[in-house]
Amino acid sequence: MDIEKVKQKIQSYKDEVKDLHPFLKNFFTHLPYIKHIEYTHGNREYGSNFVLIQEDQTLLKEKYTGVVVKSQKIHSQTLKILNVK
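Residues numbered from 1 in each chain as written. Predicted model: local features only at pLDDT ≥ 70, side-chain atom pairs only at ≥ 80, totals over all residues. Heavy atoms only, no water.

Chemist: Account for the overall build of the protein chain, naming residues and giving values.
Modeler: Each helix and strand counted, the protein chain has 3 helices and 3 strands in total. Secondary structure elements of the protein chain, listed N to C terminal, follow the sequence α-α-β-β-β-α. In the protein chain, which comprises 85 residues, the share counted as buried stands at 19%. Across the protein chain, the fraction of contacts at a sequence separation of at least 24, relative to all contacts at a separation of at least 6, is 25%. (Helix = DSSP H or I, 4+ residues; strand = E, 2+ residues; numbered from the N terminus. Buried < 20%, exposed > 50% of the residue type's maximum accessible area, 1.4 Å probe, protein only. Contact = heavy atoms within 4.5 Å.)

Okay, structure coming up:
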C-alpha cells in the first residue's frame, strides 16, 4: 500500500475509535521488525496511544516507540493537555 492510499484511507474514516484505531493496529503489525504492539487508549483521552516494540536484530535489543494518534487537527487545548510546547 503506498503512502497516498494510506492517507486517503485514514481521511475517509468517520469514527476514530471504531475505524482508525483498528486500521492503525493492523498497519503497525506490518512494519518491519515490529515485535509487539500495545494499544493504550483510555476513555478520557484525545488521541490513541500505541507503544510499538521494535526488535533490533543487530544489537539484539528492543526499542520502544510511543505513538499518539489523532485523526483531526490538534488544537492548542489538546497540546496543553499533552504538555507539548
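Anyway, onward from the coordinates.
Chemist: How would you explain unusual backbone geometry if you had to name every residue and give the values?
Modeler: Of note in this structure, Y33 is not a glycine but carries a positive phi near 70 degrees. Position of Y33 among the secondary structure elements: in the loop between helix 2 (16-29) and strand 1 (34-39). Here L60, not a glycine, exhibits a phi torsion of approximately 55 degrees, which is positive.

Chemist: Before we move on, can you summarise the packing of aromatic side chains with the specific residues and values?
Modeler: According to the stated counting rule, one finds 5 aromatic pairs in the structure shown. When the centroid spacing of 5.7 Å and the interplanar angle of 55 degrees are considered together, the rings of Y13 and F23 count as tilted. Of the two residues, Y13 is situated in the loop between helix 1 (3-12) and helix 2 and F23 in helix 2; the sequence distance between them amounts to 10 residues. Arranged with centres 6.1 Å apart and planes meeting at 20 degrees, the rings of F23 and F27 form a pair that is stacked. Placement of both F23 and F27 in helix 2 is noted, with a separation of 4 residues, approximately one turn of the helix. The rings of Y13, F23, F27, F28, Y39 and F50 are connected pair by pair, giving a single aromatic cluster. (Phe/Tyr/Trp six-rings, centres within 6.5 Å; stacked < 30°, edge-to-face > 60°.)

Chemist: Which residues make up the nonpolar core, and what values go with them?
Modeler: Grouped together as the largest cluster of nonpolar side chains are 10 residues: V6, L20, F23, L24, F28, I34, I37, F50, L52 and V69. Elements with a contribution of two residues or more to this core: helix 2, strand 1 and strand 2 (48-56). For this core, the element with the highest residue contribution is helix 2, accounting for 4 residues. Once you skip the residues sitting within four places of it in the chain, F23 turns out to touch V6, K9, I10 and Y13. (Core = buried A, V, L, I, M, F, W, Y, C linked by side-chain atoms within 4.5 Å.)

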